[in-house]
Each structure stands twice: as C-alpha cells, then as structure tokens.
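Breakdown of the fold
Here are the chains, one letter per residue:
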Amino acid sequence: MADKQATRQAYGKTLVEIGRENPDLVVMDADLSKSTMTAGFAEEFPDRFFNMGIAEQDLYAAACGLALSGKVVCASTFAMFAAGRAFEIIRNSIGYTHANVKICATHAGITVGEDGASHQTFEDIALMRTIPAMTVINPCDGVSAENLIRQAINYEGPCYIRLGRAAVPMFYHPGDYIKLGKGNWLRRGKNATIVATGIMVSEAVKAAEMLAEESIDAGVIDIHTIKPIDEDILVEAASTGPVVTAEEHSVIGGLGSAVAEVLSRRYPARMEMVGQLDTFGESGKPEELKEKYKMTAADIVKAVRKVL
C-alpha cells in the first residue's frame, strides 16, 4: 500500500471499480475531469459520463434529473464551485427532493495551494450541513475515501463528499472498520482528545506524538462523517477531559461548531478549535499555507496545552 495518496485519486479509482459492478452509476463533471479524477470513468464508460462544461448549476440540476429517473449520480467539480456557485440548485433541487446525488467535491481547503483564495473554500462543510438530510463526508486518506464513497453510493439520498488535492498519509488498511456516521478512535488518551477530520487527521496524530514527549496523553478521533455526527464518541471523548477540534475549514460552521453543538447539549467540556480563523487564504505552497494559517500539528499542540 502506498504511503500517501490524495483522496481525489482514491475517488477516481473507486468510480471505475463501482462502474463495473453497477450499471446504474452515472458520473458527471464540469470540465475538470482530469483534476477531479473522473477521467478514468469517462474513458471506460463514455455512455455513462457527461461533461456539462463550465456550468455548475446545470451540472447539479441535470444530476438531480438523472437521479430522480433511477440512476445513482456522482457529480464532481471543485468544492468552491459545488458548494458556492451551485448552492441554490443543490438545496432546492437535490436536497428538497432527496435526490440520490453524490456531490463529490475536490480541491477543498487551504491545500489547494497555488490556486489561491478564489479556489480555497473554507465554507463548504458549513453550507452543506445546513441542508436538511444532507450527509456530509470528509475522508482522511485513500482507504477511508474508497470505503466511504462505496457506502455513500449504496446509501439512498444526497451526500456531500469532500476530497483533497494533495497526497496525504495513509492511516487505514483495507478491511479496517469504517462506517458512515461513526467516528473512529485512532489513539486513546487520558488527558485530552483531538477530534479531527480530513487532512487534519494526520496533523492530529503528529500532535499526539509531540504531546506524548511532554507526558501529555492525548487521544485522536477521526470524524469522517460530519453529518450525521457520531454524538456518542464525542461524549466519550469529553468524559476523559478537554477536546480540541482540527479541520481544514473555517472554525465557523464546520467540525468545531458541530462538536460544540453536541457537547453543549450532552456533555459540556473545555474546547479549542484549530482551523481557518475567519480569514481568506492566498496563493502559496500547501505546507507553508498550513503553517501561516495555523493548521499544523504544532498549532494543535498549542491548543491542547491551552485547554489543560
């Protein structure tokens, strides 16, 4: 198994595999198939692939129509254009009708890098989780991406699947337990818990290792399904001590907000949030941007120290 893989690469591979198994799977794109990795499906199943051009609202309106006709549709573009430009269509056409469309949005967050502020979306999770009955998924590595995409395609109803541009470390192995709607303990701790999603899971694991050198025992939870969120695992985490959330998304409306909503009702705990701090991004190398905008393992370590 590769040490690193972009979740968008896992998406492209999985589409082809499922396409061979399921003749009702249709894939659509908005003129970005080489970047979103849907090009492989287009090559093997040209009669089930539709490039809608640079017209994201048309993309999701047509996806809704195909889904309501009995197809399972994976419709892809960059996260900024899916959640931003097409929000009204996704809300009123896909969400309202509970259409069986999987909005597979790539190139999310600060690690889009050199594409700059216009393409670095930090609002997509917040927007998508406000849509009634929309399932929101954010895999942390290639194995979890493949597993969760398969589960999403088998699930009847709309899903938003957030996928990244950059290669990220692999944590899971084929056959590991990964279930839609259930968080996973990657490491258990006695002093605090880091609750992370997407690419920030790797930073959370690094942070826990750094904290261990200071005799601070921090657990790590992968929350790959942000809606519906696993409330029980969050309560279990809070029962051991403070909670720090980590996400490649705005701290407003994303994972941190979702966790705070749960714990304020069920188990109030001290919290800190690591993520985009109410700012836009800029063009630059992904790792340098993560450092500038305080989304690194070192920043998680500082947040854990603060709550202890």
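From a predicted model like this one, the values you see are computed outputs, not experimental measurements.

On to the pairing of strand S14 (residues 271-276), then. One ladder, built from five bridges, connects strand S13 (residues 243-250) with S14; its direction is parallel. Counted as the bridge partner of Val-244 is Glu-272 from S14. The parallel pair S13 and S14, bridged by helix H11 (residues 255-266), forms a crossover whose chirality is right-handed.

Counting across every chain of the model gives two aromatic pairs. Aromatic pair Phe-41 and Phe-45: ring centres 4.8 Å apart, planes at 45 degrees, arrangement tilted. Between Phe-78 and Phe-81, the aromatic rings sit 6.0 Å apart at their centres with planes inclined by 10 degrees, giving stacked as the arrangement. Residue Phe-78 shares its accessibility class with Phe-81, and that shared class is buried. Here the guanidinium or amino end of Arg-48 rests over the ring plane of Phe-45, the centre of that ring lying 4.4 Å away.

This next bit is on the sheet that holds strand S9 (residues 184-187). The sheet built from five strands is open, its strands ordered S9-S11-S10-S13-S14 with mixed pairing. Sheet topology places S9 and S14 at the edges, where each strand pairs with a single neighbour. Strand-to-strand twist in this sheet, taken as the mean axis angle between neighbours without regard to direction, amounts to 25 degrees. Across the sheet, helix H10 (residues 231-238) is in contact with S9, strand S10 (192-196), strand S11 (218-222) and S13; its angle to S9 comes to roughly 35 degrees. Together, S10, S13 and S14 form the strand contacts of helix H13 (residues 297-307), whose direction differs from that of S14 by roughly 160 degrees.

The rules behind each value
- Residues numbered from 1 in each chain as written.
- Predicted model: local features only at pLDDT ≥ 70, side-chain atom pairs only at ≥ 80, totals over all residues.
- Heavy atoms only, no water.
- Pairing = 2+ DSSP bridges.
- Helix = DSSP H or I, 4+ residues; strand = E, 2+ residues; numbered from the N terminus.
- Right-handed = clockwise from strand over helix to strand, strands pointing away.
- Phe/Tyr/Trp six-rings, centres within 6.5 Å; stacked < 30°, edge-to-face > 60°.
- Buried < 20%, exposed > 50% of the residue type's maximum accessible area, 1.4 Å probe, protein only.
- Lys NZ or Arg CZ within 6 Å of the ring centre and 35° of its normal.
- Axes fitted to C-alpha atoms, helices over the stretch in contact; angles between N-to-C directions.
- Contact = heavy atoms within 4.5 Å.

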